[in-house]
Amino acid sequence: YVAESKRLLAVLEQRVTGRDWIMGDEDTIADIATWPWVKIHFWAGVDIDDLPNVQAWLDRVGARPAVQRGIAVPAPVQAKAEDVVKAAQTILQR
């Protein structure tokens, strides 16, 4: 998985070199669909320090107002751990 993630990110690095968006001058569904899995690259154990164009693209997509609204949903949970455990137990007992 790590090797394939690195390969795909290298492809993306080449694709966004010299352009702002994956498909060129405008953001498209390609950017919207790709951004979430690239955003969590660390989860796959992949470092993108050597991919400056991917980093810049991540910043551009992440700065879009619609993306900012989207990542705010759902709102962060402000619950105590024991309350979460109790709620999960209640659900599981149904």
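Residues numbered from 1 in each chain as written. Predicted model: local features only at pLDDT ≥ 70, side-chain atom pairs only at ≥ 80, totals over all residues. Heavy atoms only, no water.

A. Inspection of the overall build of the protein chain at higher detail. Counting its regular elements, the protein chain contains five helices and zero strands. When the helices and strands of the protein chain are placed in sequence order, the string is α-α-α-α-α. On C-alpha atoms alone, the protein chain measures out to a radius of gyration of 18 Å, which is more than a quarter above the 12 Å that the 2.2 N^0.38 rule sets for 94 residues. The principal-axis extents of the C-alpha atoms in the protein chain amount to approximately 55 × 30 × 20 Å. Carbon and sulfur atoms make up 60% of the accessible area of the protein chain, which amounts to about 6900 Å² in all. (Helix = DSSP H or I, 4+ residues; strand = E, 2+ residues; numbered from the N terminus. Rg over C-alpha atoms; globule rule 2.2 N^0.38 Å. Areas by Shrake-Rupley, 256 points an atom, 1.4 Å probe, with all protein chains shown as cover.)

B. Molecular detail of the packing of helix α2 (residues 29–39) against helix α3 (residues 52–63). Remark: α2 packs on α3, axes separated minimally by 10 Å, with the N-to-C direction vectors making an angle of 115 degrees. The crossing of α2 and α3 is left-handed. Contact residues: α2 offers Asp31, Thr34, Trp35, Val38 and Lys39, while α3 offers Val54, Trp57, Leu58, Val61 and Gly62. For the contact of α2 with α3, the class distribution of residues is six nonpolar, two polar and two charged. (Axes fitted to C-alpha atoms, helices over the stretch in contact; angles between N-to-C directions. Left-handed = near helix turned anticlockwise from the far one by under 90°. Contact = heavy atoms within 4.5 Å. Nonpolar A, V, L, I, M, F, W, Y, C, P; charged D, E, K, R; others polar.)

C. Seen up close, helix α1 (residues 2–15). Taking 1.5 Å of rise per residue, the 14 residues of α1 would be expected to cover 20 Å, and the 20 Å separating its terminal C-alpha atoms lies within 8% of that figure. Regarding α1, the residues found buried are Ser5, Leu9, Leu12 and Glu13. Summarising the axial view, the buried residues of α1 lie within an arc of 105 degrees, below the 170-degree limit, and thus occupy one face. Across from the buried face of α1, at angles greater than 90 degrees, the exposed residues are Ala3 and Gln14. Its buried side turned inward, α1 meets α2 and α3. (Expected span 1.5 Å × (residues − 1). Buried < 20%, exposed > 50% of the residue type's maximum accessible area, 1.4 Å probe, protein only. Arc of directions from axis to C-beta.)

D. Summary view of α3. Taking 1.5 Å per residue as the helical rise, α3 with its twelve residues ought to reach 16 Å, and the 16 Å between its terminal C-alpha atoms agrees with that figure. All of the buried residues in α3 are Val54, Trp57, Leu58, Val61 and Gly62. Around the axis of α3, the buried residues are gathered within 125 degrees of arc, so they sit on the same side. Seen from the open side of α3, the exposed residues pointing more than 90 degrees away from its buried face are Asp59 and Ala63. Those residues of α3 hidden inside the fold are in contact with α1, α2 and α4 (65–71).

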